[in-house]
Each structure stands twice: as C-alpha cells, then as structure tokens.
Amino acid sequence: MRWPNSYRYLTRLHTVPTQTERLHIETVLSGARIVLTVLSLAAVMMDPTEPTVYARTVYTFLTLWLCYSVLALVWIRFRGASEPARITMHVIDIVLPSLIMLFTHGPSSPFFVLFIFAHIGAAFRWGFPETMLTSIGGVALLDLEAMFLTATSKPFHELLGGEFEINRLIIRSAYLLAIGYLVGVLGENEKERRAESSVITRVLNAARPEHGMAATLQAAFAEYIRIFRADRVFVITQDLATDRVFIWNSQAAGAPDVRPTVSEMPRQSETYLLRNRPRTFYVAQMPNGDIASASVDANGGYSESLGTETIPDVPFYSGKVRSLIGSSYELGHEWSVRLIIVNGDPGRNAEKELRFLDLLFRQSMSAAYSVYLVRRLRARVGAMERARVARELHDGAIQSLISAEMRVDVLRRRAERDMPSIGTELDEIQTLLRGEVLNLRELMQQMKPVDLGPQQLLDHMADLVDRFRRDTGMIARFVSDHSGEVNISPRTCRELLRIVQEGLANVRKHAHAGSVIVAFDDEDGYWKLTIADDGRGFDFSGYMSFRDLLGSTKGPAIIKERVHGIGGELNIDSHPGHGTRLEIKLPKKGHTSHGQ
C-alpha cells in the first residue's frame, strides 16, 4: 500500500531500500527498544507505588519485552532483517504495550507513551500509510480495552483505576492519531529526501571524464524519461561567446539504451531556449481544452494557473505535444542551457516535482560542465605534450635525418664518378631517407595542436597544401570559391584539417600521383571538401557512396572514421591508373554527431 504522494519517490525514483539499509534501521530500532524497556523498568522501580495492582504482571511483561528486545537484536545481527521478521516485530511492538496498558489503568496508563515507539518504527520501516495504520490500530486497541474495563465487574474495575472517563479516551485517541500523522510525515519526508539524493547520486556517478559528455547526459536523460514518464528529452545549449545553439537529443522512450546525439541549429536562441518562460515550468493541455501551467521562478517562488494560453512550439520535435516540462541553467558565462521534457507527467504534487527537477537538472548540468572542463583541460595538456614531442622531432630526429641524407648525397656524387654501381644503391638510400624525413614532418604536423576556428579554416588548408607542394615537389593547389562565413564548429574545423592532412599523406605514400587538387566550397546546403589526384587510384573502379564504404573495407579507414565522427558523408570516385576523387559532404546546419 502506498500513499499517492509517495508514489513518485518509491516507484518512479526507483530507490528501493537495500538490505544494508533495512538492517541498519532494524539495528537502531532494536537498540532504542532496549533502552526504552530498561528506562520503563527503572521508572517502575523508582516509584513502586505504580502500578498499584498487578505489579507482578506488569514487571513480567516489561521483562518479557526486554528479553524480546535483546533476542531481536541478536536475531538481526546473525539472521538479517527479512520482511516477515520486520512485520512480526512491529506487531509485537503494538501488542506488548497494549497488554501493559491493560493492567495499568487502560487509556489512562502512564505507559501510553510506549505506543509512540511503534509509530517511529512504522515511519522508519515503511512510511506514512503504515504509520497511520499503526495509529488506527492503537485507537482500536484503546477502544477494546475501554470496553473490556467497562464490562468488568465493579471490584475488578475499581482495582484497575476507578470509573472509566470517556473524555480521556477521546483525548488519548486524538493524541495517538496526531502523533501518527506527525511521525508519518517526518518519516515520509526523510525517505523522499533520501530517494532524491539517490537519484542525484546515480546521475553524478555517471559523470566521468573518461566516459565523456554523452555518457553523463545519457544517465540524466534516462532518469528524466523514467521519473516523468516522458516521450523525449532535449537539452538545448547556447555558447554565449558565439551564440551557436546545439541540441542534445535523447532516444525515444523504450528505445535501446544508446548515447544521445547532438545537432547544431540556426541561431534562434529565443525559439529554442524559451527565454520567455520561467526557470522551471510545466504546461499541459487539459481534457476540456484549457491549459494548466505551474512554474518555479528564479527566486524560488511557485505559481499555478489555468487558462487558454498555448503550449510553446517545439520545432525540433515532430510528434504531438500534449505537455512540456522545462528547466534552465546558466553555466558560468559560457553556456546557457534549457531542458525540455516532452509529454512528461509531474505527478499529483507539481510543486514538489518541479522543485526536484530544478535541483536535479542543475546538479546534472554542473556535473556535465565539470566533465567538459576536465576533458578540455586534458586536451590542452595533451596538445602541449604533443607540441613538445614535435619540437624534439624537428630539432632531433628530422635534423639528423636531413644531415644523413645530405652526406649520402655527397657520397653518391663521388661514387657516380669512381664507382657507378655503388652510386645506384646510395641513390636508393638517399630516396629512403628523404621519404622518412617527409613522414616525420607529416607526423610532426599532425601532433602539433591546432587552435583552429571557422575564420582560419581556409587559410590553414591553403598553407597545408602549399607546404605539401614544397616538401614533395608535386603540383598541388588549393581552390575555394567561397567568400562568406564558414559556419562550422571548431572541433569540426580541426577534423576537416586532419582529413586534408591524411588525404595528402595518402597521395604521397600510395597514389604515385603527379598532381593533387584540394577544393572547399558550399553546395546545395552542404559544405563540400574534395581531394582529387591523378595517381593510380584504389583497387576498385567506379563510384562508392558512404553507405557502401561503411559496409566494406575499401577506402581510407582513418578518413572514413573522421567523417563519420562529424556527421558527414564520404563518397569516392576511383579510376585505376587515372586517379581518385574523395568528396566529403557536411550539412551546413542541423548536422548530427555522436557526442563526446
């Protein structure tokens, strides 16, 4: 049996008490039971005038209760706290005080306070409904004792304390119900706080830098969908420095547990971030057509309303929107974040639900932001280390190889005059050394950190192609007719530059080409990067789409992986003996990639 308002934390929050928690609760209650029994015996011994009659019986019951308390503690320590054992102990905690009260003035007994212990036990073991049932059971036992005392013969009745006073019974019954309500509410609130802390802990435990942002948000999305029984969850983030807007998209409810995806959207922050809405809000269409709304503002104030306003438009969700739950958070001066839960249900206590959502979202976003900062710090440290290694390669290995290549060249020239047969071998060694110098230079360029944004992308590509021309002696050109803004994220810019580096390296090592052209343009809503050479081509003839390439081992594996990581497409047109054309297409806006 569950109280309606406790359905959320006991079922939807999925925080079933563990066996360790149950054992801890029963151990504490057993210790408290022993202390209470000892104090009751001490009180009776200090005032031997009470009870006036049946003292031996009362002593016997108190001694039995003490023995039972010790045995219960030993049982719990060695056998654990199963649910039948807990129910049995709770029943005993109700029956024994009732028997003691029966022989000590009934409802007027000074041992009436022992009933409070049973209420505390019910509150800690279960919750509010069980505590109120305990109160109702206590009231029923008081009524039975009153009926028993009233029906008893007059001498026996007088021995038990005189005439029965109905008003005292009513007061004690009301007192017992009030105690049950108070203790039950306190126990329920304690369980709710524990349940909420457990949910937050589950989300924070998933926030690990090695897992990345996507794994952190995946854990949070799973909790949002399960707690609020939603169809979809979105997190919209806006980079306050560049006004770029990204949407993290959960999978549909019931879909396989996969990581969320992130898409970049046009710069319409007012549409996506719902800035005209309170910090945390709920809006839903009622069966009669009215719109019910509730909100928690930035100052913590709560309000509800019922009117004819409309549900906010959600352009990134194609299904029918019956309700929206949202919350917002500012991550320092870098990011503005808005959570959108589509078709969620906050339960019967909307205020409590929205306040918990506000807390959970702020905690989960703070954890995700911490992961982002740690990963960015690690990337910078790694970049600094790669730069150091690149400098050492340039000052050490590359210079040594260049020196060796120059000395071999001198020896080759001498050998061509005196020993022509050796000159040919020295020429091969010189070619090998020159190739290794180029390989190390390419490795050095790949290891160097690239602080690249969309404004520098074309210049970096042009410099890269020009350096390739100087190092290899091939005919190499960079062509771009695009004159406007290149609206691509810095991470995607870096990946595109690495793709060009890898493509040029493949041309030098494998294509045996005489010329190569690298082009970057925009076409039909796509950014298009092309690398074309006149070499020997791949081991297939014709055109292969990205879908065909992903399902086979053909094509450059590293370039395929990089293109897939930024949400693009790679198409290859190969003509053996006549060259190859690699075409990378990337949507200008709204392209999707798997979050890191």
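Structure first, text after, so check above.
Residues numbered from 1 in each chain as written. Predicted model: local features only at pLDDT ≥ 70, side-chain atom pairs only at ≥ 80, totals over all residues. Heavy atoms only, no water.

**Student:** Any chance you could explain the sheet that holds strand 10 (residues 515-523) here in plain terms?
**Tutor:** In sheet architecture, strand pairing relies on hydrogen bonds along the backbone and comes in two forms, parallel and antiparallel. Strands sit in the order 9-10-11-14-13-12 across an open sheet of six strands; the sheet is mixed. Of all the strands in the sheet, the pair left with one neighbour each is strand 9 (475-479) and strand 12 (542-544). For this sheet, the mean angle separating the axes of adjacent strands, direction not counted, is 10°. Direction of pairing for strand 10 relative to strand 11 (residues 526-533): antiparallel, over a ladder of eight bridges. (Pairing = 2+ DSSP bridges. Helix = DSSP H or I, 4+ residues; strand = E, 2+ residues; numbered from the N terminus. Axes fitted to C-alpha atoms, helices over the stretch in contact; angles between N-to-C directions.)

**Student:** Explanation requested: the nonpolar core in the structure shown.
**Tutor:** The nonpolar side chains of a soluble globular protein tend to be buried, and buried together. Counting 38 residues, the largest nonpolar core has L457, I488, L496, F520, L529 and L570 as its most contacted members. Considering each element in turn, this core owes the most residues, eight residues, to helix 14 (residues 490-511). In this structure, I488 is in contact with R244, P454, L457, C493, L496, F520, W527 and L586, ignoring residues within four places of it in sequence. Counting 37 residues, the second-largest nonpolar core is a separate cluster that includes V199, M213, A214 and V235. (Core = buried A, V, L, I, M, F, W, Y, C linked by side-chain atoms within 4.5 Å. Buried < 20%, exposed > 50% of the residue type's maximum accessible area, 1.4 Å probe, protein only. Contact = heavy atoms within 4.5 Å.)

**Student:** How should the side chain of S250 be read in this particular structure?
**Tutor:** Counting through the fold element by element, S250 comes out in the loop between strand 2 (244-249) and strand 3 (261-265). Of the residues examined, S250 reaches a relative accessible area of 3% and is grouped as buried. In this structure the side chain of S250 is engaged in a polar contact, spanning 2.9 Å, whose partner is the backbone nitrogen of V233. Ignoring any residue separated from it by four or fewer positions in sequence, one finds S250 in contact with F221, I225, R232, V233 and P260. (Polar contact = N/O pair within 3.5 Å; in protein donor to acceptor, adjacent residues only side chain to side chain.)

**Student:** Hey, could you run me through the environment of W248 in this one?
**Tutor:** Summarising the element assignment, W248 is placed in strand 2. Between the alpha carbons of W248 and V262 there is a distance of 4.4 Å; along the sequence they are 14 residues apart.

**Student:** In this structure, what is going on with the packing of aromatic side chains? I would like to understand it.
**Tutor:** According to the stated counting rule, one finds eight aromatic pairs in the structure shown. With a centroid separation of 5.6 Å and an interplanar angle of 85°, the aromatic rings of F128 and Y181 are classed as edge-to-face. You can see F128 sitting in helix 6 (residues 128-151) and its partner Y181 sitting in helix 8 (residues 166-205), a full 53 residues away along the chain. One cation-aromatic arrangement involves R79 over W75; the distance from NZ or CZ to the ring centre is 4.7 Å. Across from the ring centre of F281, 5.7 Å away, lies the NZ or CZ of R277, which sits over that ring. (Phe/Tyr/Trp six-rings, centres within 6.5 Å; stacked < 30°, edge-to-face > 60°. Lys NZ or Arg CZ within 6 Å of the ring centre and 35° of its normal.)

**Student:** So what exactly am I meant to see when it comes to the pairing of strand 10 here?
**Tutor:** Successive side chains on a regular strand alternate, one facing one side of the sheet and the next facing the other. Pairing between strand 9 and strand 10: five bridges, direction parallel. The residue bridging R477 from the neighbouring strand is I517, located in strand 10. This β-α-β element, strand 9 to helix 14 to strand 10, shows left-handed connectivity. The hairpin turn running from strand 10 into strand 11, its antiparallel successor, is two residues long, and D524 in that turn takes a positive phi close to 55°. (Right-handed = clockwise from strand over helix to strand, strands pointing away.)

**Student:** It is not clear to me how the pattern of salt bridges should be interpreted in this structure. Could you clarify?
**Tutor:** Should their charged atoms come close, side chains of opposite charge can pair. Under the definition given, this model contains 16 salt bridges. Here R86 ties to E83 by a salt bridge, and the two come within 3.0 Å at their closest N and O atoms. Placement of both R86 and E83 in helix 4 (residues 83-102) is noted, with a separation of three residues, approximately one turn of the helix. Take R86: its relative accessible area is 3%, and that puts it in the buried class. For the salt bridge of R469 with D466, the shortest nitrogen-to-oxygen distance reads 2.7 Å. (Salt bridge = Lys/Arg side-chain N within 4 Å of Asp/Glu carboxyl O.)

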